[in-house]
Amino acid sequence: MNSFILGNEAAIRLGCFFGIFLVMALWEIVAPRRPLTHSKKTRWFVNIGLTFLNTGILRLFFSAGAVGAAIIAESRGWGLFNLVALPGWFEVLASVLLLDLIIYLQHAAFHFLPLLWRLHLMHHTDLDLDVTSGARFHPLEMLLSMFIKFGSVLILGTPVVSVLIFEVLLNATSMFNHGNVVMPKPIDRIIRLLIVTPDMHRVHHSVIIREHHSNFGFNLSWWDRIFGTYRAEPQEGHLGMTIGMANYRKQEELGILGILAVPFGKRARSR
Ligand SMILES: [Zn+2]
Ligand SMILES: [Zn+2]
């Protein structure tokens, strides 16, 4: 199983990435949720440029990624799941759930710890939301996030297949829940019982402080409900709300170099 996964890892990742990206990009053209307020060309250039930059930097520092950590843990018998004998399906399911919980807690920490907020703030400076916003993260946040995931996988002894499932799922749900797409309310309500929908995550990108400090989940919607950070709708409605941060409103300041400098600027102090 591991050799099949490793042999086809790039194909699995790229196939899912391009497949979901295409579906979401087309959905946004056919049925957009909100009219875009800023130049899509400029935003896409920035967000896609960051995707390439982040992929390159992560490869440089963590060449084998979190899957590599799972292989190390398995070959040396490290981590919780390598110490106890549990059914394979249970280990895979429990690992994916635990990794998702860790990502939720990490996201909340990036909001509430001032130094981490400086890095994460850049994700919130996007002036519109669409499929490309899901990749808009500062390289330093990506590195820190990979470091936490790498450590978590070693401590948990996560099965190799779980790490790949989790990363592919997170990538897919991140593109999905940043999508600027119309989804009928009854369908949104049903999907939201399990995973974060675009309407749920959009609340997290509101310019209103108490709204952007809520809905931290990227994948499963349960954690926000369990930990009391769930907010169903934005106060101004999905069409009336303003997306972004109150003190970063000029698109001309939010080019690639501009947003890479966000964590180091004076304005990054306020939350
Ligand atoms: Zn956030
Ligand atoms: Zn987001």
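Further up the page is the structure itself.
What comes next is a walk through the structure. Everything numeric here is computed off the predicted structure, so don't read it as measured data. (Residues numbered from 1 in each chain as written. Chains lettered and ligands numbered in written order. Predicted model: local features only at pLDDT ≥ 70, side-chain atom pairs only at ≥ 80, totals over all residues. Heavy atoms only, no water.)

Re the coordination of the zinc ion (ligand 1)
Here is step 1 of the chain: Every protein donor of the zinc ion (ligand 1) is listed here as His-107 (NE2), His-111 (NE2), His-120 (NE2), His-124 (NE2) and His-204 (NE2), and their distances to the metal cover 2.0 to 2.3 Å.
Here is step 2 of the chain: Look at where the donors of the zinc ion (ligand 1) fall in the sequence and you get H-x3-H-x8-H-x3-H-x79-H.
Here is step 3 of the chain: A separation of 5.7 Å is found between the zinc ion (ligand 1) and the zinc ion (ligand 2). With a gap of four residues between them, His-107 and His-111 both fall in helix α5 (residues 88-112), about one helical turn apart. Note on accessibility: His-107 and His-111 belong to one class, buried. (Donors = N, O, S within 2.8 Å, 3.2 Å for Na, K, Ca; no water. Helix = DSSP H or I, 4+ residues; strand = E, 2+ residues; numbered from the N terminus. Buried < 20%, exposed > 50% of the residue type's maximum accessible area, 1.4 Å probe, protein only.)

Description of the coordination of the zinc ion (ligand 2)
Here is step 1 of the chain: Distances from the zinc ion (ligand 2) to its protein donors, His-123 (NE2), His-178 (NE2), His-201 (NE2) and His-205 (NE2), fall within 2.1 Å.
Here is step 2 of the chain: Here the zinc ion (ligand 2) binds four donor atoms, and the angle range of 90 to 159° at the metal identifies the geometry as irregular.
Here is step 3 of the chain: Each donor residue of the zinc ion (ligand 2) belongs to the same chain, with the gaps between them written as H-x54-H-x22-H-x3-H.
Here is step 4 of the chain: Of the residues examined, His-178 reaches a relative accessible area of 0% and is grouped as buried.
Here is step 5 of the chain: A relative accessible area of 0% means that His-201 is categorised as buried. (Tetrahedral: all angles 85-135°; square planar, octahedral: opposite > 155°, others 65-115°.)

With respect to a nonpolar patch on the surface
Here is step 1 of the chain: Taken together, the side chains of Leu-83, Val-84, Leu-86, Trp-89, Phe-90 and Leu-93 define a hydrophobic patch exposed on the protein surface, amounting to about 640 Å² of accessible area.
Here is step 2 of the chain: Of note, Trp-89 is situated in helix α5.
Here is step 3 of the chain: The exposure class assigned to Trp-89 is exposed, which follows from its relative accessible area of 61%. (Patch = residues over 30% accessible without salt bridge, like charges linked within 9 Å, V, L, I, M, F, W, Y side chains within 5 Å. Areas by Shrake-Rupley, 256 points an atom, 1.4 Å probe, with all protein chains shown as cover. Salt bridge = Lys/Arg side-chain N within 4 Å of Asp/Glu carboxyl O.)

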